[in-house]
Amino acid sequence: MPSATSPTTSSRATKETLSPQITAGVVTALVGFTSSFAVVLAGLQAVGADQRQAASGLLALTLTFGLGILWLSWRSKMPVTLAWSTPGAALLATAGMVDGGWPAAVGAFLIVGVLIVLTGLLPLLGKLMARIPTALAQAMLAGVLLPLCLAPFKSLGSAPLLVAPVVLCWIVLMKFAPRWSVPASLLVALAVIGIHILSSGVQLPGENLLPRLEWTTPTFSVEAAIGLALPLFIVTMASQNIPGVAVLKSFGYTTPWRPSMLVTGAGTIAGAPFGGHAINLAALSAALAAGEEAGKDHGRRWIAAFVSGLAYLVLAAASAALVTVVAAAPPGLLEAVAGLALLGTLASSISSALAVAEERIPACITFLLAASGIAFAGVGAAFWALAGGLLVRWILKSREPLKSS
């Protein structure tokens, strides 16, 4: 009878219809998490976090943007995905510890969250951000990334037997399955760490394997606000939020800008005391949930984003165990994985920085200042790189009327 078979048929059809969205959502979360969590750990530890605080930060970030994805995708019925600020974590890794240590860094994270919220509330702040030349913002990012991207090749010289399998895996997967190159190299690195743990007899503390949020009372300083919070905000906006909007637009979606900024800003504020540096619109991984991999039905791809949010919450439970295992890694191995994860971003940022001939000299100045690691008056290189690039750009632009006259 039709009435007896139609529920089964309908259920089967529903499963078949949703399978692309479910698969795309799980892949989005796996790629997004495994391809850059090493960068996040390196960044948090560089600004003063210990192992537990770094694990807490990773957990806080994953929870906040996982929940944010669920809310935004459900409300907007669009494949809006969020992520931690990978370029921001790279910035932290090169900035190093600020005056006031880890509590001052947490205070800077809170300031970033407030600035992101204000970007959603005040159109003027968004317009001000848009006035920063793309070439200089990308050059600053490239300079920040350069020392990290050199790490795999430096480690090849100091520990070739440990790092070479990771680099080789990355190269092979870049040819045959680029999307999985970093996750696969991470698996190889974890295998190397496992062999190292077994051969050296390292004991992993069981209490550190369970996820736990660690509160840090923030402190505030002018140096941390200028040298850490401001560059972190600029990098997050220029290298994550704005490209994230562009990715969704390329698939025919208009990003709900104000809700996205309010959710990511509030999430950054909520996660900051637990060690989370910043969350934002996803850029690279956004295409996985918004593209054809998420099904042919344009109106149902939001389900892929929703599933990715659920998958991120599951991955959050593994954050502490990952940090504990990685903490036992031989020197240079984690840095090698982080550097490989950032090579694509470095290449695209250099290309964007040098795309316009008139901007190349200011962009080069910005790049070199950021890569130099210079610090002055307690303020790190990223701020001085952008300030120096803007100054050189203004000087060079101001002499154009003199030439024409």
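Residues numbered from 1 in each chain as written. Predicted model: local features only at pLDDT ≥ 70, side-chain atom pairs only at ≥ 80, totals over all residues. Heavy atoms only, no water.

Notes on the packing of aromatic side chains
Operational definition: Stacked, tilted and edge-to-face pairs are distinguished by plane angle, under 30 degrees for stacked and over 60 for edge-to-face with tilted covering the rest, among Phe, Tyr and Trp rings (Trp via its six-membered ring) whose centres lie within 6.5 Å. Runs of E in the DSSP output that reach at least two residues are strands. Runs of H or I that reach at least four are helices, and both are numbered from the N terminus. Summary of the burial criterion: residues with accessible area below 20% of their type's maximum are buried, those above 50% are exposed, and those between are partly exposed, where the area comes from a 1.4 Å probe applied to protein chains only.
For the coordinates displayed, the defined rule picks out 10 aromatic pairs. Ring centres 4.7 Å apart and planes at 85° place the aromatic pair Phe65 and Tyr312 in the edge-to-face group. Placement of Phe65 in helix α3 (residues 51–76) and of Tyr312 in helix α13 (residues 302–316) is noted, with a sequence separation of 247 residues between them. Take Phe65 and Tyr312: they sit in the same class, and that class is buried. Ring plane angle 75° and centroid distance 5.1 Å describe the contact between Phe383 and Trp384, whose orientation is recorded as edge-to-face. We classify Trp384 as partly exposed; its relative accessible area is 27%. Counting every residue linked through ring pairs, the aromatic cluster contains Phe33, Phe37, Phe65, Trp84 and Tyr312.

Quick look at the layout of surface pockets
Over the atoms rolls a probe the size of a water molecule, and its path tells where empty space is left. Let me state the cut-off plainly: Grid spacing is 1 Å over the protein atoms alone, the probe is 1.4 Å, and a cavity is where that probe fits but cannot get out, while a pocket is an open set with protein on both sides within 12 Å along at least five of seven lines and lining residues have an atom within 4 Å of a point. Grid points are joined across faces, edges and corners, and a volume is the space filled by probe spheres set on the points. Asp, Glu, Lys and Arg are counted as charged, while Ala, Val, Leu, Ile, Met, Phe, Trp, Tyr, Cys and Pro are counted as nonpolar; the rest, among them Gly, fall into the polar class.
Taken as a whole, the largest pocket encloses approximately 880 Å³ of empty space. What lines the largest pocket is a set of 38 residues, among which Ser35, Leu284, Ser285, Ala341 and Thr345 lie closest to the centre. Taken together, the residues of the lining of the largest pocket sort by class into 24 nonpolar, 12 polar and two charged.

Remarks on empty space enclosed by the protein
Applying the stated criterion to the full structure yields two cavities of 30 Å³ or more. Considering only enclosed or pocket space, the largest cavity measures out at about 100 Å³ in volume. If you go around the largest cavity, you meet 13 residues; those closest to its centre are Arg52, Ala55, Asn208, Leu210 and Ala320. Those elements that provide at least two residues to the lining of the largest cavity are α3 and α14 (319–327). Counting residues per element, the lining of the largest cavity draws most heavily on α3, at four residues. Looking at the lining of the largest cavity residue by residue, the classes come out as five nonpolar, four polar and four charged.

Comments concerning the pattern of salt bridges
The criterion, for reference: Salt-bridge detection follows one rule: a side-chain nitrogen of Lys or Arg within 4 Å of a carboxyl oxygen of Asp or Glu.
Following the criterion strictly, the structure yields two salt bridges and no others. Linking Arg212 and Glu214 is a salt bridge whose minimum nitrogen-to-oxygen distance equals 3.7 Å. Assessed through its relative accessible area of 39%, Arg212 is described here as partly exposed. Salt-bridge contacts for Glu359 lead to Arg393; the nearest nitrogen and oxygen are separated by 2.9 Å. Taken as a pair, Glu359 in the loop between α15 (333–353) and α16 (360–372) and Arg393 in helix α17 (residues 381–398) lie far apart in primary sequence, 34 residues in all. What makes Arg393 partly exposed here is its relative accessible area of 25%.

What about the side chain of Ser85?
Along the chain, the position of Ser85 falls in the loop between β1 (82–84) and α4 (86–95). Note on Ser85: relative accessible area 0%, which makes it buried.

Describing the confidence of the model for the chain
Heads up, the condition is: Per-residue confidence from the predictor is given as pLDDT, running between 0 and 100. Residues are treated as being in contact if the distance between any of their heavy atoms lies within 4.5 Å.
Summing up the model confidence of the chain, the mean pLDDT is 85 and the portion of residues at 70 or higher is 92%. Least confident of the elements in the chain is helix α18 (residues 400–404), whose mean pLDDT is 47; most confident is helix α11 (residues 257–271), at 96. Contacts from residues 1–16, a stretch scored under 50 in pLDDT, to residues over four places away or in other chains number zero contacts.

Considerations on the nonpolar core
What counts is decided by this rule: Buried Ala, Val, Leu, Ile, Met, Phe, Trp, Tyr and Cys residues that are joined via side-chain atoms within 4.5 Å together make up what is termed a nonpolar core.
Among the nonpolar cores identified, the biggest contains 97 residues, and Phe37 and Phe109 are the most heavily contacted of them. By residue number, the principal contributor to this core is α15, which donates 10 residues. In this structure Phe109 touches Leu44, Val47, Leu92, Trp102, Leu232, Thr268, Ala272, Gly275, Gly276 and His277, once residues within four positions along its chain are discounted.

Overview of unusual backbone geometry
With a phi close to 55°, Lys77 is a non-glycine residue in the positive phi region. As for its placement among the helices and strands, Lys77 is situated in the loop between α3 and β1. On the accessibility criterion, Lys77 (37% relative accessible area) is partly exposed.

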